[in-house]
Amino acid sequence: MTTIYVDGIAYEVPEGRNLLQAVLSVGLNLEYFCWHPALNSVGACRQCAVMAYKDEESELAGRGKLVMACMTPATDGTRISIKALDAVAFRKSVIEWLMVNHPHDCPVCDEGGECHLQDMTYMTGHTYREYRFTKRTHRNQDLGPFINHEMNRCIACYRCVRFYRDFAGGDDLDVFGAHDHVYFGRREDGVLQSEFAGNLVEVCPTGVFTDKTAKHNYTRKWDMISAPSVCHHCSVGCNTIVNTRNGETRRVINRYNREVNGYFLCDRGRFGYDFMNSGRLVREARVEGRVVSSEEGVARAAELIERGRVLGIGSPRASLEGNFAVRQLVGPENFCSGMDQTEHVIASRVLEIFRHGPVRAASLHDIEQSDSVLVLGEDLTNTAPMMDYAVRQAARNQPIREAVKTVGVVWLENAIREQIQDQTGPVFVATPAFCKLDAIARQTFRGAPDEIALLGFAVAHELDPKAPHVKGLPESMQKLAASIAQDLREAERPAVITGSSLRTPAIVEAAASVANALQGLGRSVGLAVALSECNSLGAAFCDGMGWDEAVKAVEEKGIDTLVVLENGLFRRADTLSVEQLLAKTAHLIVLDHLESATTPRASILLPVAPYAAAGGTLINSEGRAQRFFQALPPQETSPPESWRWVRDIMERLGREEAGRWHNLDDINRAACTGLTKIGSAIEPAPEATYRVVHQRIPRAPHRYSGRTAEMADRTVHEAKPPVDVDTPLAFSMEGYQGRPPSPALIPFFWSPGWNSVQATTKYQQEAGGHLRGGDPGVRLLKPKQGVRPAYASEIPVTHTPKAGEWLAVPLYHIYGSEPMSAASPPVATLVPEPYVLMNADDVGGMQAEAGAIVRVKLGDEERELPVVMSPSLPRGLVGIPVGIAGSWALVVPQKVTVAPGETA
């Protein structure tokens, strides 16, 4: 620790920090703009000026000099003053000239009420404008469906372009111009191409970049109900805050969790929420297509279950509580995880690897701290975007480590950038086709899924000769494996990343073998596995059957009734397989919130609350159990969570167990103690009885003023807020107004004088560090000590394509492959048209060209689609996008026939 003196008071701060980070960490207020804990220091705005003194004598005499706190190291014995008159006057003058061209539009600005510029302006005392001349103006750009651009509000802090280009890897946003004519935007109008562009909304300290999806249904920031939540659009489990108003979800913003997503979200997680406001929601109970009351729906479902033979199909996108409830309803022996067979096998195997193996499940923060990364078989940009972002940060670590030897500190961003230029650390990417991480990769490999697995096994053998030897590898692959192994061996904190997207268990086994070999060498290695959906690992904890096993059980046990939980069956298998299964069962009971190809087939359809209107627990791909909370206040017509439907059915069947499930805590405890792979109760968040000074924690800020206005079209009487029986949160502004002691219960970040997201600092142990009280979530999977590395014994056979024969491989798109976000209208505008991807030589061999229509037969389904040529996809492979309308919902590597289409 280091001792610094601020206005005569001594403070202990961690070593290696700059003065701005240090003073913010000890709870002091100091104005700033260009600095951000995740972006380091550039000294662009000159707003954080303080008076620095040589020693105590100089301070007493008032002999000091102005320095920028963000550019000055907090060395032991440093003496500064924030309150010195010269420093105060300087900071006020900086604000004054920054505001010269800023429009006077706070009352109509989308950022109004949570604007960092507003906060800093008032903090300096600059409350009156003296400039009376014509202001500089800019033309705004159309940046796509997510981001609104209002360039006239810019103060040239450079945060946007630094984040976008230097940290997120984008290249289509830049800064143009000179002196006071500086413009931040694209070379021309158009959709921002980065998958992380939505973070500009929170990175920008003013209202230049704002949320266009929220603008279309605007609400003042202090008039929204908020709740802590978890992203439901992939398996990473990013922490979010959901904002609602008048029965609608208005926006999703980042909720800081240092171990998971830190300060940022991907655009799918940020903007994919709008499906909850769409017409595709299931809103009423239906029996044989007829709208019925909830009571009748429960009665009819109970009747079918009581007299039939039932199989339950859970879901990797439903909560742990929902899956457990269905499992208890039908019995563990009649429960299917709801995943397709290969995803089920992979998720179950990942669970075993992390439960019994010596390797740590890597969090996003672990990946960011890595200095060498191997990505096996996963297009992270499209399947787990925030892992992509983490790898981009990891790629900086090795060059930065060398640059620090010259620069001296890690936080001087411009000096570090000058040293490292375009250098990146050892990142290796093995995928069937091009992916965006190729831009930072030291080496890439293109091959069929089994070839990718073989490369991984070869790397493991190079690291540890005890690992199985891969015979017959081409010389080029053997050299690549040796090169990768050498860089991983030299790293201090290597990371191995894989996933289930290619539906090839051997790839996961290969990645685990590499991680085990590195662990055996004494490296601090992390293994990350990107699974398909938000609770894939949670579904694996429920220990059910996979899809193929469920189909077999229907035949063998004479199942006549299916109970399907929040699952689109046609995404889990080919259409023929699903149709055959439904034909063999007389009754289909579906509980879901989103209309799909499955819901019209239901004998009984029960509406389920979407995640903004529900609470529950998700287990992300690293085994972190996290609680999401209800943000939408319940109304008389609001559907309940799925587990409540199941509880009511079980009670009607006379099952005493369900009678003990009074609230979310009860069902959570039952699930955690009832599932042997969890084994004991966990507490991902405080129970419903938790209070702070005998008060609940309000979901609305103390400035909340709009409940009466919200209902003005119906009544002028303010109704009593609904009581939440599941959580310690209140659906109002009444309650404990301070910082919640439990970080899992933070509904918004706010502190006196800090109305923007920069208030996050007030909730942290130090600026940019862990939250006070610890980061939310409970890690269920920890590495076993003293366990020897274990290696897979089954090595796949190399794929050798024959003339006129192709192997289908799945391709994913961040917009379109995930069903819930694809139903969000803004996201839907970016979903690509269906296509097939082929090697140029393969296309030429069919006497076709790019854009030509080809006839593709995958399994029993045939479609005519335009062909896109790829120089990176190896010959003999056909890339098929997954989940896009007009393509296939599920693609498993298998032989496929391709021929010129009839409409070619």
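Placed above this text is the structure.
Residues numbered from 1 in each chain as written. Predicted model: local features only at pLDDT ≥ 70, side-chain atom pairs only at ≥ 80, totals over all residues. Heavy atoms only, no water.

Colleague: What should I look at first to understand the overall build of the chain in this one?
Modeller: When its secondary structure is counted, the chain shows 27 helices and 36 strands. In summary, the chain has a C-alpha radius of gyration of 28 Å against a globular reference of 29 Å for 904 residues, a match within 12%. When the backbone C-alpha atoms are referred to their principal axes, the chain occupies close to 90 × 75 × 60 Å. Out of the 904 residues in the chain, the part that is buried amounts to 62%. Carbon and sulfur atoms provide 50% of the accessible area of the chain, an area that totals close to 33800 Å². A gap of 3 Å separates the mean positions of the 93 positive and 108 negative side-chain charges of the chain. (Helix = DSSP H or I, 4+ residues; strand = E, 2+ residues; numbered from the N terminus. Rg over C-alpha atoms; globule rule 2.2 N^0.38 Å. Buried < 20%, exposed > 50% of the residue type's maximum accessible area, 1.4 Å probe, protein only. Areas by Shrake-Rupley, 256 points an atom, 1.4 Å probe, with all protein chains shown as cover. Lys, Arg positive; Asp, Glu negative; His and termini not counted. Charge placed at Lys NZ, Arg CZ, Asp CG, Glu CD.)

Colleague: Help me understand the nonpolar core in this model?
Modeller: The nonpolar side chains of a soluble globular protein tend to be buried, and buried together. With 136 residues, the main nonpolar core has Leu20, Phe163 and Met387 as its most contacted residues. Considering every element that reaches this core, the biggest residue donor is helix H14 (residues 385-407), with seven residues. Here Met387 is in contact with Val236, Leu364, Ile367, Leu380, Ile497, Ala528, Val529, Ala530 and Ser621, once residues within four sequence places are set aside. One finds Val298, Ala453, Ala515 and Ala540 within the second-largest nonpolar core, a separate group that totals 97 residues. (Core = buried A, V, L, I, M, F, W, Y, C linked by side-chain atoms within 4.5 Å. Contact = heavy atoms within 4.5 Å.)

Colleague: Whenever I open this one, the pattern of salt bridges confuses me. Can you help?
Modeller: Throughout the structure, instances matching the rule amount to 50 salt bridges. The salt bridge partner of Asp366 is Arg360, with a shortest N-O separation of 3.3 Å. Given the relative accessible area of 11%, Asp366 is considered buried. The residue Asp648 makes a salt bridge to Arg647 at a minimum N-O spacing of 3.3 Å. (Salt bridge = Lys/Arg side-chain N within 4 Å of Asp/Glu carboxyl O.)

Colleague: Would you take a moment to explain the packing of aromatic side chains for this structure?
Modeller: Evaluated as defined, the whole model comprises 15 aromatic pairs. Between the aromatic rings of Phe749 and Tyr763, the centroid separation amounts to 5.0 Å while the plane-to-plane angle is 80°, which identifies the pairing as edge-to-face. Residue Phe749 is found in the loop between strand E29 (729-730) and strand E30 (778-779), and its partner Tyr763 is found in the loop between E29 and E30; the two are separated by 14 residues along the sequence. On the accessibility criterion, Phe749 (10% relative accessible area) is buried. Within the aromatic cluster, the residues linked to one another by ring pairs are Phe163, Phe196, Tyr256, Tyr263, Phe264 and Tyr389. The lysine or arginine in question, Arg417, covers the ring of Phe167, its NZ or CZ lying 5.7 Å from the ring centre. The ring of Phe731 is capped by Arg699, whose NZ or CZ atom sits 3.8 Å from the centre of that ring. (Phe/Tyr/Trp six-rings, centres within 6.5 Å; stacked < 30°, edge-to-face > 60°. Lys NZ or Arg CZ within 6 Å of the ring centre and 35° of its normal.)

Colleague: Before we go on, may I ask you to explain the side chain of Glu641 in this structure?
Modeller: Residue placement: Glu641 occurs in the loop between strand E27 (624-628) and helix H22 (642-652). If sequence neighbours within four positions are ignored, Glu641 has contacts with Val608, Ala609, Ala614, Gly615, Gln630 and Asp726.

Colleague: Would you mind showing me how to read the sheet that holds strand E12 (residues 248-254) here?
Modeller: What holds strands together in a sheet is hydrogen bonding between their backbones, with the strands either parallel or antiparallel. The strand order across the open sheet built from three strands is E10-E11-E12, with neighbouring strands paired in antiparallel fashion. The open sheet has two edge strands with one neighbour each: strand E10 (225-230) and E12. Neighbour-to-neighbour, the strand axes of the sheet open up by a mean angle of 30°, direction not taken into account. As judged from the six bridges shared by strand E11 (residues 239-245) and E12, these two strands associate in the antiparallel manner. Residue Val242 lies in a different strand from E12, and its bridge partner there is Val252. (Pairing = 2+ DSSP bridges. Axes fitted to C-alpha atoms, helices over the stretch in contact; angles between N-to-C directions.)

Colleague: Looking at this model, I keep getting lost on the environment of Ala613. Mind explaining?
Modeller: Inspection of the secondary structure puts Ala613 in the loop between strand E25 (604-607) and strand E26 (616-619). The spacing of Ala613 and Phe629 is 16 residues in sequence and 8.0 Å in space, taken between C-alpha atoms. Not counting residues within four places of it along the chain, the set of residues in contact with Ala613 comprises Gln630 and Leu632.

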